[in-house]
Every structure is written in C-alpha cells, then in structure tokens.
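Observations on chain architecture
Single-letter residue listing:
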Amino acid sequence: MNTIAEQLKDVLDRIRQAEQRSGRPAGAINLVAVSKTFPAEDVQECYQAGQRIFGENKVQEMLSKIPALPADAQWHLIGPLQRNKVRKVVGKSALIHSVDSLRLATYMDSVAQEFGVCQPILLEVHIGGEDSKFGFSPDELKVAWGALLELGHLDIRGLMCIPPPVDDPNDARPFFQQLRSLRDELNEQSPHTIHELSMGMSHDFEIAVEEGATMVRVGTSIFGHRDYSNKA
C-alpha cells in the first residue's frame, strides 16, 4: 500500500501532466488536499510531504485540526455552510468555497465587518440541476452579481462547482466548461475580475485542469477511502 506522501506525489504528477497537455504553465493549479474524516496525524504526514492547502467539509472538524499543523498551513472550508456556523469560520478559513446564496453572503459580510476582516470566498454554482446540490443556478448568480459585488467585506475570488456523478470522467467536461464560461461572462459584466475555478475531485480532476480549473479538491486519491464512522 502506498504512503500518503507517495499518493500525494502521484496526484501532483498527474496535475502537472494535465497542465502540460492543456498548454497551461506548470504550477497554474493549486491542490486542495481534502482531509475530511481523516485524523490530524494523516494531515501532518501530508504536510511533511510538502502539501500546504487542506480542505474540510465541517467547521468543527476544521477548527479541531488547525492547532495540529504549523501556521503556514491553509484551511479551506469546502462543505455546505449554515448561517449558525458563520461566526465560527469567518477569519479562520483562508478560503470558503461554498457560499451558495445571496442571503448567506450578506450575513457573512456583516460578520466579517464586525470582526474587522475581509473574508475570501468562492460562490458555489449549482451547475448540474440536481435537487440534492447546493448553490446558485447560473441565472440566479447573474441576477445577484451586482448585489454580491457591493458586499465590501467579502473578497469574491471565483466560482466552485460539484458536477453530477458520472462513470466516465470525460462526461464531466461540459459542466466544467459551463462554469468557466459563467466566470468569463461575469467578468465581462463588471470591472471586478474573478479568477478562481474550484472544480474537479479525485475522479475527474485531470479533466477539470484541462478545462480551466485553478484549484482541484482531491481527497481519496491522497488519503485513501474514507471511514465515515470517524467523527474527527
């Protein structure tokens, strides 16, 4: 069985190969190592192998792991965020990927103002039309875009999506293309330029890189399969 360090190296090599195939510069993609459900010891091993950005789905789990790693580790909240957890995460997360409504963004902006910080965020887009997924629809985001840009204590850096599950990773390609096109359309509407596209996971991250991802969220391919009975 490969170590976490070996699996991390394999994922990074595959990212670099996908960058090369798509004519993108080496290092254009940031890897978010998704450490949800894995113990802090595994995260420490990944850190020792050179990884610095980690993704967690739950606020409490993220907060419990922050003290276990050096201060230069970055913690991204990638899971759904409820309003009652906003005060716990604003100012603690280097990037919140899952801002899924204008209502949540407005409340987060007020908390960030109270705390005296500018919170970096991504806007989650409901790209596949599934009832089970969170996020703005593309049309909703276009309508809300002007109001979002008025929230002065949020640093909107880009978009995130989770496409519908597919057997063939290539079948996710149209969803990644749609998110990239939406970002470009929003940039044409305003002087506020957003860059980041958080898309692609263990099953399809190479396709996401080819379609313009700036960060990929990879967990299983680095840490192994999850035991969801682990209440880290």
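Note: the structure precedes this text.
Residues numbered from 1 in each chain as written. Predicted model: local features only at pLDDT ≥ 70, side-chain atom pairs only at ≥ 80, totals over all residues. Heavy atoms only, no water.

1. Things to note about the overall build of the protein
Condition: Secondary structure elements follow DSSP: runs of H or I of four or more residues count as helices, runs of E of two or more count as strands, with numbering from the N terminus. Taken over C-alpha atoms, the radius of gyration is set against a globule rule of 2.2 Å times the number of residues to the power 0.38. Buried, partly exposed and exposed residues are distinguished by accessible area as a fraction of the type maximum, computed with a 1.4 Å probe on protein chains only: under 20%, between the cut-offs, and over 50%, respectively.
Looking only at helices and strands, the protein has 9 helices and 8 strands in total. A compact globule built from 232 residues would reach a C-alpha radius of gyration of about 17 Å, and the protein, at 17 Å, matches this within 12%. Along the longest, intermediate and shortest principal axes, the C-alpha atoms of the protein span 50 × 40 × 35 Å. The buried share of the protein, reckoned over its 232 residues, is 49%.

2. Let's talk about the side chain of D100
Cut-off, in case you're wondering: The charge count treats Lys and Arg as positive and Asp and Glu as negative. His and the chain ends do not count. We define a salt bridge as a side-chain nitrogen of Lys or Arg found within 4 Å of a carboxyl oxygen belonging to Asp or Glu. Working rule for contacts: check all heavy atoms of both residues, and any pair within 4.5 Å makes them a contact.
The residue D100 is located in the loop between β4 (95–99) and α5 (102–115) in this model. R103 provides the closest opposite charge to the buried, salt-bridge-free D100, at an N-O distance of 8.2 Å. Discounting chain neighbours no more than four positions away, the residues touching D100 are E124, F134, G135 and F136.

3. Side note on helix α7 (residues 173–189)
In an α-helix, one full turn covers 3.6 residues, which means residues spaced three or four apart are oriented alike. To keep things clear, this is the line we draw: The length a helix should cover is 1.5 Å for every residue beyond the first.
If you check α7, its first and last C-alpha atoms are 25 Å apart, about what 17 residues at 1.5 Å a residue would give, namely 24 Å. Of all the residues in α7, the buried ones are R173, F176, L179, L182, R183, L186 and N187. Considering only its buried residues, α7 is in contact with β5 (119–125), α6 (138–149), β6 (154–161), β7 (196–198) and α8 (205–210).

4. Quick look at the pairing of β4
As a reminder, the rule being used: Strands were regarded as paired on the criterion that DSSP finds at least two bridges between them. Look down the strands so they point away from you; if the path from the first strand over the helix to the second goes clockwise, the crossover is right-handed.
Of all 5 residues in β4, 5 are buried; the element is thus mostly enclosed. When strand β3 (residues 74–77) meets β4, the two strands line up parallel, connected through 2 bridges. Looking at the pairing, H76 lines up with L95 of β4. Viewed along the sheet, the connection from β4 through α5 into β5 turns out right-handed.

5. Description of α6
We count it as follows: Taken from the helix axis, the directions to the C-beta atoms give the arc we talk about.
End to end, α6 covers 16 Å across 12 residues, agreeing with the expected 16 Å (1.5 Å per residue, within 8%). For α6, the full list of buried residues reads P138, L141, A144, W145 and L148. In an axial view of α6, the angular spread of the buried residues amounts to 150°, which keeps them on one side of the axis. Summarising the geometry of α6, the exposed residues directed more than 90 degrees from the buried face are D139 and V143. For α6, the secondary structure elements touched by its buried residues are α5, β5, β6 and α7.

6. Focus: the packing of α6 against α7
This is how the line gets drawn: The axes are straight lines fitted to the C-alpha atoms, using for helices just the contacting stretch, and the angles between their N-to-C directions are given from 0 to 180°. Orientation is classified from the angle alone, with under 35 degrees giving roughly parallel, over 145 giving roughly antiparallel, 65 to 115 giving roughly perpendicular, and any other angle giving oblique. Crossings are classed by handedness, with left-handed meaning an anticlockwise turn of the near helix from the far one by less than a right angle and right-handed meaning a clockwise turn. Each residue is assigned to one of three groups, with Ala, Val, Leu, Ile, Met, Phe, Trp, Tyr, Cys and Pro labelled nonpolar, Asp, Glu, Lys and Arg labelled charged, and all others, Gly among them, labelled polar.
Interaxial distance between α6 and α7 falls to 11 Å at its minimum, and their mutual angle equals 20°. Classified by the angle their axes make, α6 and α7 are roughly parallel. For the pair α6 and α7, the crossing hand works out as right-handed. On the side of α6, the interface is formed by P138, L141, K142 and W145, while α7 contributes Q178, L182, E185, L186 and Q189. Partitioned by chemical class, the residues of the contact of α6 with α7 number 5 nonpolar, 2 polar and 2 charged.

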